[in-house]
Amino acid sequence: MTVTEPAISALPRELLVFEGARQIADGDCVIAGTGLPLLAGLVAQRTHAPHARLLIESGVVFPKVVPTPLSVVDPRIMHAPSKLGSLIESLGGFVQRGLVATGFLGGAQIDARANINSTWIQRGSGRVRLPGSGGANDIASHCATIVVLTSHEKRRFPERCDYITSPGFLDGPGARRRAGLNPVWVKVVTDLCVLEGDDTEGELTVSALMPGATVEDVLANTGFTPRIADHLDVVATPSAEHLALLRDVLDPDSRYFPERHSPERLKNGKH
Amino acid sequence: MAVGVHQLLNPLGQARVMSAAEAVQAFVEPGAVLGLGGQNINRCPMALVHEVVRQDIGELTVVGCNLSLPLDHLVAAGLVVRTEQGSGNLEKFGTLFSWRRAVEANRIEVRDYSHLSMASRFLAGAMGLPFMPVRSLLGSSVLERLVAEDDAVVIADHWSGEPVVLVRACTPDVSLIHANAADTDGNVVIDGVTSHEVDMVRASRHVIVSVEQVLPAGAFDDQPERVTISGAYISAVVEQPWGAWPTSVYRKYDYYESEIDGYQKSAKAGDEGPRAFLAENVAAHADFDAYLAATDPGGSARTAMAEQMRSLL
């Protein structure tokens, strides 16, 4: 018997969405910004986690999102919620209070100890200014699980971030506790692999590979030498049905997947 | 002035209806700490910010949570010396490019917070408190800088002994927001999320609110729970339909992507684009209505965005 390829294969950034969705358990409360994280939350709700609830930092509590929000204050993300509240309600009343199990984050850099930088990066003798924390520091400080979806480039994975906007394991095992933060489990999903870890390890370990990627690919594109798990899973590709859900229902105009129409941008999904 | 005797400078409940030009002239002074409402692409106080640019009121310290287009306009106009914010961000439409360049060149000073810690500063101000505790920021470079500048301290919680961060109250001299409606007494209705605005407004000495529609006094007498912010905190009410354009007003109109995208593309390329934008769209016009008439002749874009919003409700 021959192994049949799926009729349509997922793009690298689409795989990020599906692997992100798998981190959400049914019944979880999840905070996510727009883009791939929100799509991951919506995929989870429409597949294995129908009771997962979304929280949006602008104050939108448990929305029924319609396609395709470009912002956390987009009317498409304010659709049919439990409540339209405030930043204090979302980030204070839910996140800081500890009611949100899982938070999705982005960022320009994530380091060997899962710290995230979205504020300043050093480039040569100058510094490049980025948007800043937003709700990211709050989410990384208070959620028990952090999921990062990112393209895998060496400059995005330094040994140590130039600036820690959002805390991962800080300086290593026990550092969060010493700083006054609760433990966290971090999972980073890239177009090459999955890295994960918790406070007790204090650093990220490669735990799975994306289909077709190798450990050598990962090492060549990472600015530090990550631990490699003894057994590496291969991330599952989505079914044709689930892929159609993402493409036709959740982001029908490809607002977050311009590469669907421009093959030269496939690699890393650079806009 | 000692914290705790922080006064609202408008006599409570004495909001006045006036034009944007009159309100900005009356309440926005050079060197002011200016609070900006709105978030990202929603309900940004564009008409009021255009007026600040038109009147060339500078040396401003701009404060807010997710600062966006209004801040970029003020920076591009050279009116900002400092910002205190949770982020400078337009999400899908990119970062704030004028602001980024000014920060990188040290033309403006910047103080970073998380959104919760910044919103907590407004909450402290709104309650007459000198500071608010937060459990965010711990262990981060954000906190390191704030502690070095004496803008935050870490203390042990008296009861648990756990570390907690105290951030100082933020009390803007004047805040600018755009809302769905207000009555002539300044009672404000905001539909949709309120981001950081309710607390920021209540923490401010003066507040100018522009609204899609001004309603007569007593309009909410039979439904006072509709009021999001009491007129007690409002200095001036400005009637300005489409006053958040090209950003959205929930229930009224969607954001107009092509104008936001066009501005961002030109801003990304350099300082010339935003300067030309302001010359053409702000300085060249007597008021916001003139800008609207020029940017959307005939109003077809506005009609389309109003219809688009209705289709989403």
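Please read all numbers here as calculations on a predicted model, not as lab measurements.

In this section: helix α8 (residues 257-269) of chain B. All names here are of chain B. In this model α8 runs 18 Å from its N-terminal to its C-terminal C-alpha over 13 residues, within 8% of the 18 Å that 1.5 Å per residue would give. The complete set of buried residues in α8 reads Glu259, Ile260, Tyr263, Gln264 and Ala267. The buried residues of α8 occupy an angular sector of 130° when projected down its axis, which confines them to one face. Among the exposed residues of α8, those oriented more than 90 degrees off its buried face are Lys265, Lys268 and Ala269. Buried residues in α8 make contact with α3 (69-76), α4 (97-104), α9 (272-283) and α10 (288-295). Positive backbone phi, approximately 155°, marks glycine 270, located one or two places after α8.

Another aspect to go through is the confidence of the model for chain B. Confidence in the prediction for chain B averages 95 pLDDT; 96% of positions are at 70 or higher. Low confidence marks residues 1-5 of chain B, where pLDDT is under 50. Its contacts with residues over four positions away, or in another chain, come to six contacts.

At the junction of the two partners, chain A supplies 50 residues and chain B supplies 52 residues. When the two sides are added together, the surface that chain A and chain B hide from each other amounts to roughly 4000 Å², 56% of it contributed by carbon and sulfur. Broken down residue by residue, the surface that chain A buries against chain B is led by A:Leu87, A:Arg129 and A:Pro131, which jointly contribute 16%. Taken together, the links from chain A to chain B amount to four salt bridges. A salt bridge links A:Arg177 to B:Glu162, with the nearest nitrogen and oxygen atoms 3.1 Å apart. At the boundary of chain A and chain B, one finds 29 residue pairs in polar contact (both at pLDDT 80 or more). Among the elements of the structure, α3 (87-96), β9 (126-129), α4 (136-142) and α5 (175-179) of chain A are those that each provide at least two residues to the side of chain A that touches chain B. If one sorts the elements of the side of chain A that touches chain B by residue count, α3(A) sits on top with five residues. Looking at the side of chain A that touches chain B residue by residue, the class counts come to 22 nonpolar, 20 polar and eight charged.

A separate point is the pairing of strand β3 (residues 60-63) of chain B. Residues and elements named next belong to chain B. Of the two faces of β3, the one holding Leu60 and Val62 and the one holding Thr61 and Val63 are both buried throughout. In terms of handedness, the path from strand β2 (residues 33-36) via helix α2 (residues 46-55) over to β3 forms a crossover that is right-handed. Here four bridges tie β3 to strand β5 (residues 80-85), and the two strands are oriented parallel to one another. Of the residues in β5, the one forming a bridge with threonine 61 is arginine 82.

The next subject is the pattern of salt bridges. Where side chains of opposite charge bring their charged atoms close, a pairing between them can arise. Residues and elements named next belong to chain A. In the structure shown here, the tally under the stated rule is 32 salt bridges over all chains. Close ionic contact of aspartate 171 with arginine 160 constitutes a salt bridge, the shortest N to O distance being 3.2 Å. On the criterion of sequence distance, the pair formed by aspartate 171 in the loop between β10 (145-149) and α5 and arginine 160 in the loop between β10 and α5 is long-range, its members being eleven residues apart. The exposure class assigned to aspartate 171 is exposed, which follows from its relative accessible area of 54%. Judged by relative accessible area, which is 42%, arginine 160 ranks as partly exposed.

Cut-off values and rules
Residues numbered from 1 in each chain as written. Chains lettered and ligands numbered in written order. Predicted model: local features only at pLDDT ≥ 70, side-chain atom pairs only at ≥ 80, totals over all residues. Heavy atoms only, no water. Helix = DSSP H or I, 4+ residues; strand = E, 2+ residues; numbered from the N terminus. Expected span 1.5 Å × (residues − 1). Buried < 20%, exposed > 50% of the residue type's maximum accessible area, 1.4 Å probe, protein only. Arc of directions from axis to C-beta. Contact = heavy atoms within 4.5 Å. pLDDT = per-residue confidence, 0-100. Buried area = accessible area lost by both parts, 1.4 Å probe. Salt bridge = Lys/Arg side-chain N within 4 Å of Asp/Glu carboxyl O. Polar contact = N/O pair within 3.5 Å; in protein donor to acceptor, adjacent residues only side chain to side chain. Nonpolar A, V, L, I, M, F, W, Y, C, P; charged D, E, K, R; others polar. Right-handed = clockwise from strand over helix to strand, strands pointing away. Pairing = 2+ DSSP bridges.

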